[in-house]
Amino acid sequence: MTSDAVHPLVRVWDLPTRAFHWLLAACVIGLVITAKVGGNAMVWHMRLGLAVLALLVFRIIWGLVGGRWSRFASFLYAPGTVLRYLRGEHRPADHFEVGHSPIGAFSVFALITLLLVQVGTGLIADDEIATTGPLNRYVASATGLLATGWHKGYGQWILLGLVALHVVAIVVYKLRGKNLVTPMITGDKPLPPDVPATQDGLANRGLAAVVLAACAALAVWIARQGA
């Protein structure tokens, strides 16, 4: 039998990666809501944007020093590997079923990149009404207005489109018998016993706490630039 039911549970997603995922999702939802409400809610929109900045910087660093399957090296695929994946030619050493598949990896990198652009444009934006990004004073007025246009226009809708595709992909995988949500909650997946587990001990989590604290301090410092 090769069913997942007979495979042992293997720790794939470390706690810092799982916490990042759900905190980022909550912040993005909050950003969409506060942007639509406007007015006094924009204060929280800015705070949530800075929180997303801290989370993104954390994820980039964690992609270099985090647990095995959270590192970018584990899902940064060569073009030839991507072609083999699309053709269904999977090799045992590929481990496509463990962390992010090539398609999933593309989604992750696309979301991180676009969120960085959205946060970056928000930091220098100026809606010419009541909300100005904390770094707006460091750029020319025309640059700030251009950033605002992207942030409230194409950038917003492309991001919502990517999020929608992400949700649709999760549903499609679920219908095909692959649950992507539960492993991101528990950290574990039923996998062959030869698949190495990720690091998720106290030392790993302590390192994550230090990195996150530094990222939060960076976000606070940026926020104070607009004071």
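Quick notes on the rules
Residues numbered from 1 in each chain as written. Predicted model: local features only at pLDDT ≥ 70, side-chain atom pairs only at ≥ 80, totals over all residues. Heavy atoms only, no water. Helix = DSSP H or I, 4+ residues; strand = E, 2+ residues; numbered from the N terminus. Contact = heavy atoms within 4.5 Å. Axes fitted to C-alpha atoms, helices over the stretch in contact; angles between N-to-C directions. Parallel < 35°, antiparallel > 145°, perpendicular 65-115°, else oblique. Left-handed = near helix turned anticlockwise from the far one by under 90°. Nonpolar A, V, L, I, M, F, W, Y, C, P; charged D, E, K, R; others polar. Polar contact = N/O pair within 3.5 Å; in protein donor to acceptor, adjacent residues only side chain to side chain. Core = buried A, V, L, I, M, F, W, Y, C linked by side-chain atoms within 4.5 Å. Buried < 20%, exposed > 50% of the residue type's maximum accessible area, 1.4 Å probe, protein only. Disulfide = S-S within 2.5 Å. 1 Å grid on protein atoms, 1.4 Å probe; cavity = no way out; pocket = protein on both sides within 12 Å on 5 of 7 lines; lining within 4 Å. Points joined across faces, edges and corners; volume = space filled by probe spheres on them.

(A) Examining the side chain of Ser101 more closely. Here Ser101 lies in the loop between helix 3 (79–87) and helix 4 (102–123). In contact with Ser101, other than residues within four places in its own chain, are Tyr77, Tyr85, Phe96 and Tyr173.

(B) Representation of the packing of helix 1 (residues 15–37) against helix 2 (residues 41–65) in the model. In the contact formed by helix 1 and helix 2, the axes pass within 9 Å of each other and the chain directions differ by 155°. Of the possible angle classes, the one that applies to helix 1 and helix 2 is roughly antiparallel. Seen from above, helix 1 lies across helix 2 with left-handed handedness. Here the residues of the contact of helix 1 with helix 2 are counted per class, giving 18 nonpolar, 5 polar and 1 charged.

(C) Spatial organisation of unusual backbone geometry. The backbone of His95 sits at a positive phi, close to 55°, despite the residue not being glycine. Note that His95 resides in the loop between helix 3 and helix 4.

(D) The side chain of Asp188, seen in detail. Looking at where Asp188 falls in the secondary structure, it is placed in strand 2 (residues 188–190). For Asp188, the side chain forms a polar contact with the side chain of Arg11, separated by 2.5 Å. Residue contacts for Asp188: discarding those within four places in its chain leaves Leu9, Val10, Arg11, Val12 and Pro183.

(E) Region of interest: the nonpolar core. Membership of the largest hydrophobic core comes to 33 residues, with the highest contact counts inside it found for Leu24, Val52 and Phe58. Within the residue set of this core, elements represented by two or more residues are helix 1, helix 2, helix 4 and helix 8 (202–224). The dominant element in this core, judged by the number of residues it contributes, is helix 2, at 9 residues. Contact partners of Phe58, with chain neighbours within four places excluded, come to Pro16, Phe20, Ala208, Val211, Leu212 and Cys215. One finds Val10, Val12, Trp13 and Met184 within the second-largest nonpolar core, a separate group that totals 8 residues.

(F) Geometry of the state of the cysteines. Taken as a whole, this structure holds 0 disulfides when the rule is applied. The structure places no disulfide on Cys27, whose sulfur is separated from the nearest cysteine sulfur, that of Cys215, by 14 Å. Overall, the relative accessible area of 3% leaves Cys215 in the buried class.

(G) Main features of the environment of Ile112. Relative to the elements of secondary structure, Ile112 occurs in helix 4. Separated by 95 residues in the primary sequence, Ile112 and Leu207 place their C-alpha atoms 22 Å from one another. With residues up to four places along the chain from it excluded, the contact list for Ile112 reads Leu56 and Arg59.

(H) The arrangement of the environment of Ser141 in detail. Within the element layout of this structure, Ser141 appears in helix 5 (residues 141–152). Ser141 sits in the exposed class, given a relative accessible area of 57%. For Ser141 and Ala125, which are 16 residues apart along the polypeptide, the C-alpha to C-alpha distance reads 9.2 Å.

(I) Representation of the layout of surface pockets in the model. The calculated volume of the second largest pocket comes to roughly 730 Å³. Lining the second largest pocket we find 32 residues, and of these Ala35, Met42, His45, His151 and Lys152 sit closest to its centre. Broken down by element, the lining of the second largest pocket gets its largest block of residues, 7 residues, from helix 2.

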